[in-house]
Amino acid sequence: MQHLIPIASGKGGVGKTLLAANLGIALAQQGKTVVLIDLDLGGSNLHTLLGIRNSHPGIGHFIYKKAETLEELLVETSQHQLFLIPGDGLFCATANLPFHRKQAILKQLPDIPADFVILDLGSGTTYNTLDLFLTSSAGLLVTSPDTTAILNAYSFLKSAMFRLLQRSFSAKSSERHLVMDFLQQKMEGGNHHIQELVEQIHRLDAESGNRAREALSQFRPRVVMNMGRTAQDIRLGGRLRKVVQDNLKSGIEFIAYLPQDEYASRSPLERTPTLLRYPECPYSQGIKHCAHRIIQEPVPPMQALFEDDQDLQELADQFGNLL
Ligand SMILES: Nc1ncnc2c1ncn2[C@@H]1O[C@H](COP(=O)(O)OP(=O)(O)O)[C@@H](O)[C@H]1O
Ligand SMILES: [Mg+2]
């Protein structure tokens, strides 16, 4: 069975791409077939970390309909059983992924033949990133121990959970309207908790309330604490878990603690993945451990979600980046 592993973060520069490349190698070395997809549109650099030249067609070709399937874009890497679908490096300005092309990507992802398909996402909480993250019930959320990164990780989780609730109900449903109104009020400054929204949905319709609860309880992102330096970092991780538990009533699991490691920081310059060049360094050890856990702890498939507000989104696409 194929597993999707989206990798996201609230803040940029916390090590998603380095993790994607090295985790892909570690899983391949443990006998799995792996496809890495660079979905950091406008900032793709996964090929660089793998030592592959920026001359292959990639996701940009699919977005601009120059390729019909994602599968035809697979590029071999130096690691046996590891393949790459490069980003949009040969195009510019793909950051505004049109709605239909996003739908096409989401539809084709489960058909890519591999044991693991790893998605290296852009930083932050755009709908495109959230939707790609929600392709799994247990995507990886990377943070560093810095306060800003931790706060942004929390915001990311909150946004992902609201998006999950929104897409748990069909576009024209009263439940969807309730979610949208709630988000609107939040944007206008109300400090309402997600649980209040669940209760409102429950008052509207008990079955829908149960569906909302079920969707949230099945959503269990796995956090990677990267660039760790001291034991203090573990406490910060515990704080993140507590705020998520208190405010979002949701549990997170820490799946890896990866140390700040000078060998890891060298590899982008050397254009060779850390795990291949320095297999015994502390970062590589952490990565191997993380890969092992991912193989050992299978993730339940994500429930089917409803599409976005297609009509609205098409209008937005016509006007470029207005929304
Ligand atoms: N554990 C680590 N130790 C040292 N440097 C790291 C570590 N993780 C990532 N880096 C470095 O941090 C920089 C940003 O990493 P990158 O993976 O590009 O972040 P992101 O994809 O989240 O923006 C890169 O130069 C990378 O080599
Ligand atoms: Mg990156």
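As recorded in an unreviewed UniProt entry, the protein chain goes by the name Flagellar biosynthesis protein FlhG, listed as coming from Alkalispirochaeta americana.

Visitor: Please provide a residue-by-residue account of the side chain of Asp88, values included.
Guide: Along the chain, the position of Asp88 falls in the loop between strand 4 (82–85) and helix 4 (99–108). Here Gly42 takes part through its backbone nitrogen, which lies 2.9 Å from a polar atom of the side chain of Asp88.

Visitor: Go over the nonpolar core with me, naming the residues and quoting the values.
Guide: The biggest cluster of nonpolar side chains holds 59 residues, and the ones touching the most others in it are Ile37, Ile105 and Leu109. Sort the elements by how many residues they give to this core and helix 6 (residues 147–167) lands first, with 10 residues. What Ile105 contacts, discounting residues up to four positions off in sequence, is Leu39, Phe62, Ile63, Leu70, Leu97 and Leu132. Grouped together as the second largest cluster of nonpolar side chains are 38 residues, Leu19, Ala20, Leu27 and Tyr283 included.

Visitor: How would you explain the packing of helix 7 (residues 174–187) against helix 8 (residues 194–204) if you had to name every residue and give the values?
Guide: Running from amino to carboxyl end, helix 7 crosses helix 8 at an angle of 150°, the nearest separation of the two axes being 10 Å. The angle between helix 7 and helix 8 falls in the class roughly antiparallel. Where helix 7 crosses over helix 8, the two elements pack in a sense that is right-handed. Contacts from Ser174, Glu175, Leu178, Val179 and Phe182 in helix 7 reach Glu196, Leu197, Gln200, Ile201 and Leu204 in helix 8.

Visitor: Account for the site of ligand 1, naming residues and giving values.
Guide: Every one of the 15 residues lining ligand 1 counts as a neighbour, but Gly13, Lys16, Thr17, Leu18 and Pro259 are closest to it. Interatomic distance of 2.8 Å between a side-chain N/O atom of Lys16 and an oxygen atom of ligand 1. At 2.9 Å, a side-chain N or O of Asn226 approaches a nitrogen atom of ligand 1. Computed on the free molecule, ligand 1 has an accessible area of 560 Å², of which 82% lies beneath the protein chains in the complex. If you list the elements that add at least two residues to the shell around ligand 1, you get helix 1 (16–29), strand 7 (222–228) and helix 11 (262–270). Its residues assigned to classes, the shell around ligand 1 comprises 7 nonpolar, 6 polar and 2 charged.

Visitor: If you had to explain helix 10 (residues 232–248) to someone new, which residues and values would you point to?
Guide: With 17 residues, helix 10 ought to run about 24 Å at 1.5 Å a step, and its terminal C-alpha atoms sit 24 Å apart, in line with that. Among the residues of helix 10, Asp233, Leu236, Gly237, Leu240, Val244 and Leu248 are the ones counted as buried. Burial along helix 10 is one-sided: seen end-on, the buried residues are contained in an arc of 105°. Seen from the open side of helix 10, the exposed residues pointing more than 90 degrees away from its buried face are Ile234, Arg235, Arg239 and Lys242. Next to the buried residues of helix 10 lie helix 6, helix 8, strand 7 and strand 8 (253–259). Positive phi shows up at Lys249, right after helix 10, with a value of about 50°.

Visitor: Could you give me a rundown of the pattern of salt bridges, with the residues and numbers involved?
Guide: Inspection of every chain in the model, using the stated rule, returns 9 salt bridges. We note a salt bridge from Asp131 to Arg167, for which the minimum N-O separation is 3.0 Å. Here Arg167 lies in helix 6 and Asp131 lies in helix 5 (residues 127–133), a separation of 36 residues in the sequence. Comparing Asp131 with Arg167 shows no difference in burial state: the two are buried. Within the structure, one salt-bridge network assembled from shared partners comprises Lys102, Asp131, Arg163 and Arg167.

Calculation rules
Residues numbered from 1 in each chain as written. Chains lettered and ligands numbered in written order. Predicted model: local features only at pLDDT ≥ 70, side-chain atom pairs only at ≥ 80, totals over all residues. Heavy atoms only, no water. Helix = DSSP H or I, 4+ residues; strand = E, 2+ residues; numbered from the N terminus. Polar contact = N/O pair within 3.5 Å; in protein donor to acceptor, adjacent residues only side chain to side chain. Core = buried A, V, L, I, M, F, W, Y, C linked by side-chain atoms within 4.5 Å. Buried < 20%, exposed > 50% of the residue type's maximum accessible area, 1.4 Å probe, protein only. Contact = heavy atoms within 4.5 Å. Axes fitted to C-alpha atoms, helices over the stretch in contact; angles between N-to-C directions. Parallel < 35°, antiparallel > 145°, perpendicular 65-115°, else oblique. Left-handed = near helix turned anticlockwise from the far one by under 90°. Near = heavy atom within 4 Å. Areas by Shrake-Rupley, 256 points an atom, 1.4 Å probe, with all protein chains shown as cover. Nonpolar A, V, L, I, M, F, W, Y, C, P; charged D, E, K, R; others polar. Expected span 1.5 Å × (residues − 1). Arc of directions from axis to C-beta. Salt bridge = Lys/Arg side-chain N within 4 Å of Asp/Glu carboxyl O.

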